[in-house]
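This is what each chain is made of:
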Amino acid sequence: MAQESPKNSAAEIPVTSNGQLEDSHEHNFNRDLKRSLPVGLGLSETKITSHGYDSTKEGVVEAGPYPGSSASPKSSVISPSSAAASRLAGQGCDLIIPTGGRVQQKSGPVVLADEVKNPAMEKLELVRKWSLNTYKCTRQIISEKLGRGSRTVDLELEAQIDILRDNKKKYENILRLAQTLSTQLFQMVHTQRQLGDAFADLSLKSLELHEEFGYNADTQKLLAKNGEVLLGAINFFIASVTTLVNKTIEDTLLTVKQYETARIEYDAYRTDLEELNLGPRDANTLPKIEQSQQLFHLHKEKYDKMRNDVSIKLKFLEENKVKVLHNQLVLFHNAIAAYFSGNQKQLEQTLKEFHIKLKTPGSDAPSWLEEQ
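Residues numbered from 1 in each chain as written. Predicted model: local features only at pLDDT ≥ 70, side-chain atom pairs only at ≥ 80, totals over all residues. Heavy atoms only, no water.

Looking now at the packing of aromatic side chains. Inspection of the entire model under this criterion finds six aromatic pairs. Both rings, one in Phe237 and one in Phe332, keep their centres 5.0 Å apart while their planes meet at 45°; by these two values the pair is tilted. With Phe237 in helix H5 (residues 210-278) and Phe332 in helix H6 (residues 285-340), this pair connects stretches of sequence that are 95 residues apart. Taking relative accessible area as the criterion, Phe332 reaches 27% and is therefore assigned partly exposed. Ring pairing ties together the aromatic residues Tyr259, Tyr266, Phe296 and Tyr303, which thus form one cluster. (Phe/Tyr/Trp six-rings, centres within 6.5 Å; stacked < 30°, edge-to-face > 60°. Helix = DSSP H or I, 4+ residues; strand = E, 2+ residues; numbered from the N terminus. Buried < 20%, exposed > 50% of the residue type's maximum accessible area, 1.4 Å probe, protein only.)

Right, here's the structure in full:
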């Protein structure tokens, strides 16, 4: 019996009213399609031609000859629906079905150009530059400590910085002593206040020594009151000098540290450029020398800017320091002299002159009205 032609074994695929393939016949269509294709012919050799939707046939699958084979191909015509053609296109990765045109075969993988910069590479580049700069600066510091490398020195500026650091240590010592005096005075005032209360209580209970206890009670209470005034002046002195030392001077010293860092970087790149200039000049070294010159000029500008900033801050600091310390030293002297001379009016006048307000006991905690 003659072999059945693939064309005769083709199955007609029924479609629904809207032109879509019924789900119950998709499996039968795939099975009949495999039987209709000749042996050795895959989907990569299959060409799908799509006609217009106004035609009676929705699509035609033509099986062409296998490349390299001399055998005449067996043709098979199948009329699938558009849904079946879409399933076939999805199964074959090498098939592209454009809308309303012929199917084109795609050869080779698709590579999408990624124009977005990789943030990991940028971070790696920043780390590399930071490591190189740290290495150069560390080498410069070690060379200076060993006495092998040269360093740039501004004699006038360096002398002003040394004086500032030495004065800061002395001001900190004055602050420690003033805080100790304030603590001791506070304890003495507290003791005098308690002693005055004890004398006043005894003056009421001892009729025969009523006047004597009364005199001592008044004296101790007056000393405690004057001690509170002196304590307020000393605390005001401590607060002003603390602001000068821990904020104003510290801010200037922070700028000095930045200046010293810029100086080390400048000397490091200067040394690097000098070493390159002493070596041979060829096609390999000329780009390095040019790059080193650019980095040298960049750090030189940074060094000059920081040196100018330090000079300006030192000048302003000196003016501010003289003004602040002049007022505070006058306050401290007048308050101490008035207290130990027993001049209560002069002591109170000193506080008024410097606009010092004494804190009454319990004034640190705000009232419930102030909290609202």
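What follows picks up the thread again.
Quick look at helix H7 (residues 344-353) now. Taken together, the buried positions of H7 are Leu347, Thr350 and Leu351. Down the axis, H7 shows its buried residues gathered within 95° of arc, on one side only. Along H7, the residues that are exposed and aim more than 90 degrees away from the buried face are Lys345 and Lys352. In this structure, the buried residues of H7 make contact with H5 and H6. In the stretch just after H7, His355 is the one whose phi turns positive, near 55°. (Arc of directions from axis to C-beta. Contact = heavy atoms within 4.5 Å.)

This part covers the nonpolar core. Ile161, Ile249, Tyr259 and Val310 are the most contacted members of the largest nonpolar core, which totals 42 residues. Elements with a minimum of two residues in this core: helix H4 (155-205), H5, H6 and H7. Beyond its immediate chain neighbours, meaning those up to four positions away, Ile249 contacts Leu164, Lys168, Tyr171, Leu244 and Leu317. (Core = buried A, V, L, I, M, F, W, Y, C linked by side-chain atoms within 4.5 Å.)

What follows covers the pattern of salt bridges. If you walk through the whole model with that rule in mind, you get 17 salt bridges. Across the salt bridge formed by Asp166 and Lys170, the nearest N and O atoms sit 3.3 Å from each other. Of this pair, Asp166 and Lys170 both sit in helix H4, separated by four residues, roughly a single helical turn. When its relative accessible area of 37% is taken as the criterion, Asp166 is described as partly exposed. Overall, Lys170 belongs to the partly exposed group, its relative accessible area being 49%. In this structure, Lys313 and Asp251 form a salt bridge, with 2.9 Å as the shortest nitrogen-oxygen distance. Of the two residues, Lys313 sits in helix H6 while Asp251 sits in helix H5, which places them 62 residues apart along the sequence. Given the relative accessible area of 29%, Lys313 is considered partly exposed. Here the residues in one salt-bridge network are Arg263, Asp267, Arg270 and Glu274, joined through shared partners. (Salt bridge = Lys/Arg side-chain N within 4 Å of Asp/Glu carboxyl O.)

In this structure, Ile174 sits in helix H4. The exposure class assigned to Ile174 is partly exposed, which follows from its relative accessible area of 41%. Between the C-alpha atoms of Ile174 and Ile238, which are 64 residues apart in sequence, the distance is 9.0 Å.

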